[in-house]
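One-letter residues, chain by chain:
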Amino acid sequence: MRELTKRREAFESAYPALLKPLLPADPAYADRLLYPLRAGGKRLRPILLKAFYGVFGGEGPEADAFAAAIECIHTYSLVHDDLPAMDDDALRRGQPTSHVVYGEADAILIGDGLLNLSVELALSAPVPDATRQLAAMETLFRASGSRGMILGQFLDIRGEGERSEADLDRINALKTGALIEAACRIGAILGGATEEGLETASAYGRTLGRAFQIVDDLLDIAGDEKVLGKPVGSDLKNEKTTYPTLLGIEGARQRVRDLTTEALGHLEKLGGDPFLEELTVYLLERDA
Ligand code: GRG
């Protein structure tokens, strides 16, 4: 997808300048904070945020700092998720994980630092309307916090007993869906969407998030480690209940197709956006 590559490259060239004034003077810690960000990744959340900003007519620089902020939060969650006390993974985004390179204590501080940087980035956004800036910040930190992504991670690692599909839906909606939904909603907030527009953007994000997690589960079974840049088979190793284990591989694929149709329906309500439509289909057919 050429447009996706273009938007990813635009993000890659924008975020370093936004981060620079906020980095510590200590070069060793500054380098460590940048390490997992520089490793790359799809940049899905910043791209969604900016795309929704555009859908609602936004065209200033104000969304850029929020795009960098959400990527910092996502990246910190990956750094912490990979720690020995959590998923204990040695490879992420095709690179050795932060704790493998710098040790566990530094990796914890990388995650902590990225989380705080996200607050400073959001505060630094040149949003002309302070109410919008606060609403966008509330959305970001609620979604990523202890009623959102962190709660999802807590419930996931607690892993008590058998999990039903409803349990999985709840955990994934928090762990994966909340931040994806927030990306879409923040773009809509900054773009000046009406309440109805905000709800549609959120509904799209929730649906995409559900489908995205099911694809992630399928890739953990049948994906290619080299293409994914992270180990496959970790769900099996950790004996995790996932959508493919509950629904079967074909059942999980069908669920992805149904959710894709639903997500496209939400976009249609917004008047359609060729980039987001293509991105939706592409993401759900992805191999990385
Ligand atoms: C440690 C508080 C805390 C939370 C961790 C996001 C998360 C919660 C854990 C990561 C493990 C995981 C597989 C989560 C599911 C969400 C997901 C598919 C993350 C990977 O996101 P991508 O595919 O990654 O967008 P890139 O590297 O492309 O940015």
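This one's a predicted model, so the numbers in the text were calculated from it and none came from an experiment. (Residues numbered from 1 in each chain as written. Predicted model: local features only at pLDDT ≥ 70, side-chain atom pairs only at ≥ 80, totals over all residues. Heavy atoms only, no water.)

Asker: Explain the site of the ligand residue by residue, including any values.
Answerer: In the neighbourhood of the ligand, 17 residues make up the surrounding shell, with K42, R45, H74, D81 and R93 lying closest. Note that an oxygen atom of the ligand is positioned 2.6 Å from one of the side-chain N or O atoms of K42. One of the side-chain N or O atoms of R45 is found 2.8 Å from an oxygen atom in the ligand. Bound to the protein, the ligand loses 92% of the 700 Å² it would expose on its own. Only helix 4 (62-81), helix 8 (149-158), helix 9 (165-191) and helix 10 (195-222) provide two or more residues apiece to the shell around the ligand. By residue number, the principal contributor to the shell around the ligand is helix 4, which donates 6 residues. Tallied by class, the residues present in the shell around the ligand amount to 4 nonpolar, 7 polar and 6 charged. (Near = heavy atom within 4 Å. Polar contact = N/O pair within 3.5 Å; in protein donor to acceptor, adjacent residues only side chain to side chain. Areas by Shrake-Rupley, 256 points an atom, 1.4 Å probe, with all protein chains shown as cover. Helix = DSSP H or I, 4+ residues; strand = E, 2+ residues; numbered from the N terminus. Nonpolar A, V, L, I, M, F, W, Y, C, P; charged D, E, K, R; others polar.)

Asker: Can you tell me about helix 7 (residues 130-144), naming the residues and giving the values?
Answerer: Taking 1.5 Å of rise per residue, 15 residues should cover 21 Å, and helix 7 covers 21 Å from first to last C-alpha, within 8% of that figure. What helix 7 keeps buried is the set Q133, A136, M137, T139, L140, A143 and S144. For helix 7, the arc enclosing every buried residue in end-on projection is 160°, short of the 170-degree limit, so these residues lie on one face. Opposite the buried face of helix 7, at more than 90 degrees from it, the exposed residues are A130, T131 and L134. In this structure, the buried residues of helix 7 make contact with helix 4, helix 6 (104-124), helix 8 and helix 9. Its side-chain oxygen placed 2.9 Å from the backbone nitrogen of T131, D129 serves as the N-cap of helix 7. (Expected span 1.5 Å × (residues − 1). Buried < 20%, exposed > 50% of the residue type's maximum accessible area, 1.4 Å probe, protein only. Arc of directions from axis to C-beta. Contact = heavy atoms within 4.5 Å.)

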